[in-house]
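# What the coordinates show
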Number of protein chains: 2
Amino acid sequence: MARPRKDQARDIRALAISETIRLLEDRDARDLTLAQVAAAVGCRPPALYGHFRDKTALLRAVHDAGFAWLYAEKMDVGAGTRGDALARLREGGRAYARFALKNPALYRLMFDPPRDSGLAGTLFESDVGLKSLDFLRAGVVAVQAEGYLPGADPDRIAFTLWSTLHGALSLLLQGRAPTADTSPLAAADATVDAMMAFIVATRAGGRAEESAP
Amino acid sequence: MARPRKDQARDIRALAISETIRLLEDRDARDLTLAQVAAAVGCRPPALYGHFRDKTALLRAVHDAGFAWLYAEKMDVGAGTRGDALARLREGGRAYARFALKNPALYRLMFDPPRDSGLAGTLFESDVGLKSLDFLRAGVVAVQAEGYLPGADPDRIAFTLWSTLHGALSLLLQGRAPTADTSPLAAADATVDAMMAFIVATRAGGRAEESAP
DNA sequence: TCATTAATTTAACAGCGTTCGGTTCCCTTG
DNA sequence: CAAGGGAACCGAACGCTGTTAAATTAATGA
């Protein structure tokens, strides 16, 4: 039984990606072995090389699938939010945090990949990585239209906001934060709220009622 | 020549730590092999097991040495700064960014270690990891004494500021940021400035002249 | 001087990603 | 409907990894 029959043929490529995402619920990306993926798919490790050049190519495909998933979720939230621009910004951040905390290893693979995985290249940066910033930038421009952040560069603000949430999640996912009293999700939401409070404080002519809740 | 003579004995433990830090200038921590460390030290891989229980114990020691180094640099900066609390906060952030960008792999090992390295445990979190927050918290309290961030929780603000800088550095170190126009160090400094502008905007009774430079 | 202890070596093992050569099936061509 | 060619997969094998075991040599103490 070297080559499988047509009726029992499986789409190994798609299966490998979905099963890898599932396996990432337990393990970290670098602790994942091709033997584990192959076992989950139902084949032997060498069979994977017919669909991926090497292990990093598989991880890159999972990386991209993760981005597609994240965008879909953010789209859902964006479509469901009917509030002002500030609320949309906040809900976007919350959705981002929820995704990261529900898929820690996948999030790490997407935004903090190992240096040798070829994921740090400009391909992914320009292809999908910067789409995150475009999303966020649009939100920043929207709140600026309502009088917040007067005269600020939207790109820089967007990068700063993204950095804050990404940094908080990165620290929270490693227990490197005072999470003893609250859940990681609550801590992430609190970080989003703190940034929103900063934005509110910069309203032209306005004044901060409370700098951080 | 199984056991070395007394006159040509080297402190393998100290050598392994310092040579590992040197090797981390090129490679990432997870791409580092014990054979490379042993070659740099001048011994064979099994000799390292007489001084470290396993590879993660070596990485943990390097992790701690990195923290000691970072604290020393921040102390230097703190002692040299004679400005107001706001300037001290800014200079602390700049020193932090400089350290991270000059030692990328070491920084990653310190603040974003692989999950299986035993570095995510509560030992390091409570031991040295939270000392970063204490430093920062003191700075936040100091600026609050000057009227900024009224009524805010210093712990939450400190965590938010730390998250922002850590997140920005994490993204910058992977080329996941619009760094095309500026250097990574300039981008990091700009992020620090943006956060300082946010803080300035929250001054009680005051008003933001410019929300972000 | 001789046993004991300590420090490092060489040798070996299991597991990893990856490559090679063979085997089985499908699909086209005569 | 036979024959060949290509595609898809498997078992075996290779080099490298971290790690352990056994052997070897230097220092120490009686």
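Residues numbered from 1 in each chain as written. Chains lettered and ligands numbered in written order. Predicted model: local features only at pLDDT ≥ 70, side-chain atom pairs only at ≥ 80, totals over all residues. Heavy atoms only, no water.

### Looking at the UniProt feature "DNA-binding region" (unreviewed entry) in chain A
Threshold: UniProt positions are given in the numbering used here, feature names are shortened, and annotations may be inferred rather than shown by experiment. A helix here means a DSSP run of H or I that spans at least four residues, while a strand means a run of E at least two residues long, and both kinds are numbered starting from the N terminus.
Those places that UniProt annotates as "DNA-binding region" (unreviewed entry) correspond, in this numbering, to residues 33-52 of chain A. Between the end C-alpha atoms of residues 33-52 of chain A there is a gap of 14 Å, over a span that is 60% helix and 0% strand.

### Some points on the packing of aromatic side chains
Residues and elements named next belong to chain B. Formally: Any Phe, Tyr or Trp ring, taking Trp's six-membered ring, that has another such ring centre within 6.5 Å forms a pair; planes under 30 degrees apart are called stacked, those over 60 apart edge-to-face, and the others tilted. Burial classes follow relative accessibility: with a 1.4 Å probe on protein chains only, a residue under 20% of its type's maximum area counts as buried, one over 50% as exposed, and anything between as partly exposed.
Evaluation of the coordinates by the stated rule reveals 17 aromatic pairs over all chains. Aromatic pair phenylalanine 67 and tyrosine 71: ring centres 6.0 Å apart, planes at 35 degrees, arrangement tilted. Here the residue phenylalanine 67 and the residue tyrosine 71 both occupy positions in helix α4 (residues 55-80), the gap between them amounting to four residues, near one helical turn. Pair check on accessibility: phenylalanine 67 and tyrosine 71 agree, each one buried. Between the aromatic rings of tyrosine 96 and tyrosine 107, the centroid separation amounts to 5.7 Å while the plane-to-plane angle is 90 degrees, which identifies the pairing as edge-to-face. Linking tyrosine 96 in helix α5 (residues 85-102) with tyrosine 107 in helix α6 (residues 104-111), this pair joins segments that are 11 residues apart in sequence. A relative accessible area of 5% places tyrosine 96 in the buried class.

### Let's talk about the UniProt feature "domain: HTH tetR-type" (unreviewed entry) in chain A
As recorded in UniProt, the sites labelled "domain: HTH tetR-type" (unreviewed entry) are residues 10-70 of chain A. Secondary structure content for residues 10-70 of chain A is 66% helix and 0% strand, while the C-alpha to C-alpha distance between its ends is 26 Å.

### Section: the interface of chain B and chain A
Condition: Only heavy atoms matter for contacts: two residues are in contact if any of them lie within 4.5 Å across the pair. The quantity reported as buried area is the accessible area (1.4 Å probe) lost by two parts once they are put together, taken as the sum for both. By convention in these notes, a salt bridge is any Lys or Arg side-chain nitrogen within 4 Å of a carboxyl oxygen on Asp or Glu. Think of a polar contact as two N or O atoms within 3.5 Å of one another; within protein, one of them needs to be a possible hydrogen donor and the other a possible acceptor, and neighboring residues in sequence only count if both atoms come from side chains.
Chain B puts 55 residues into the contact, and the matching count from chain A is 55 residues. Interface area, chain B with chain A, both sides summed: about 4900 Å², of which 56% is carbon and sulfur. Among the residues chain B hides against chain A, the three largest losses belong to Arg115(B), Arg176(B) and Phe198(B). Together they make up 16% of the total. Between the two partners, chain B and chain A, sit four salt bridges. Between chain B and chain A we count 11 residue pairs in polar contact (both at pLDDT 80 or more) in total.

### Some words on the environment of Arg10(B)
Residues and elements named next belong to chain B. If you trace the backbone, arginine 10 turns up in the segment before α1 (12-23). For arginine 10, a relative accessible area of 37% corresponds to the partly exposed category. Ignoring anything within four residues of it in the chain, the contact list for arginine 10 reads Leu15, Val41, Gly42 and Cys43. A distance of 2.6 Å separates the side chain of arginine 10 from the backbone oxygen of glycine 42, its partner in a polar contact.

### Quick word on the protein's contact with DNA strand D
So the rule is basically this: To be near a molecule or strand, a residue needs just one of its heavy atoms within 4 Å of it. When residue character is reported, Ala, Val, Leu, Ile, Met, Phe, Trp, Tyr, Cys and Pro are called nonpolar, Asp, Glu, Lys and Arg charged, and the others, Gly included, polar.
Taken together, 23 residues sit near DNA strand D, with Arg3(A), Pro4(A), Ala2(B), Lys6(B) and Tyr49(B) positioned nearest. The contact atoms of DNA strand D, taken as those within 4 Å of the protein, divide so that sugar and phosphate hold 70%. Arg3(B) is positioned with one of its side-chain polar atoms (N or O) 3.4 Å from a base nitrogen of DNA strand D. One of the backbone nitrogen or oxygen atoms of Lys55(B) is found 2.9 Å away from a phosphate oxygen of DNA strand D. Looking at the surface near DNA strand D residue by residue, the classes come out as 14 nonpolar, two polar and seven charged.

### Here's the deal with the protein's contact with DNA strand C
Close to DNA strand C lie 22 residues, the nearest being Ala2(A), Lys6(A), Tyr49(A), Lys55(A) and Arg3(B). A share of 72% of the atoms of DNA strand C within 4 Å of the protein falls on sugar and phosphate groups. A distance of 2.9 Å separates a phosphate oxygen of DNA strand C from a polar atom in the backbone of Lys55(A). With respect to DNA strand C, the backbone of Ala2(B) contributes an N or O atom lying 3.2 Å from a sugar or linking oxygen. By residue class, the composition of the surface near DNA strand C is 13 nonpolar, two polar and seven charged.

### A look at the environment of Tyr148(A)
All names here are of chain A. Take tyrosine 148: it is sitting in the loop between α7 (122-145) and α8 (154-172). According to the relative accessible area criterion, tyrosine 148 is buried, its value standing at 8%. Each C-alpha atom, one on tyrosine 148 and one on leucine 165, is 20 Å from the other, the two residues being 17 residues apart in sequence. When sequence neighbours within four positions are dropped, the list of residues in contact with tyrosine 148 reads Leu86, Val143, Ile199, Val200, Thr202 and Arg203. Among the polar contacts listed, one links the side chain of tyrosine 148 to the side chain of arginine 203, at a separation of 3.1 Å.

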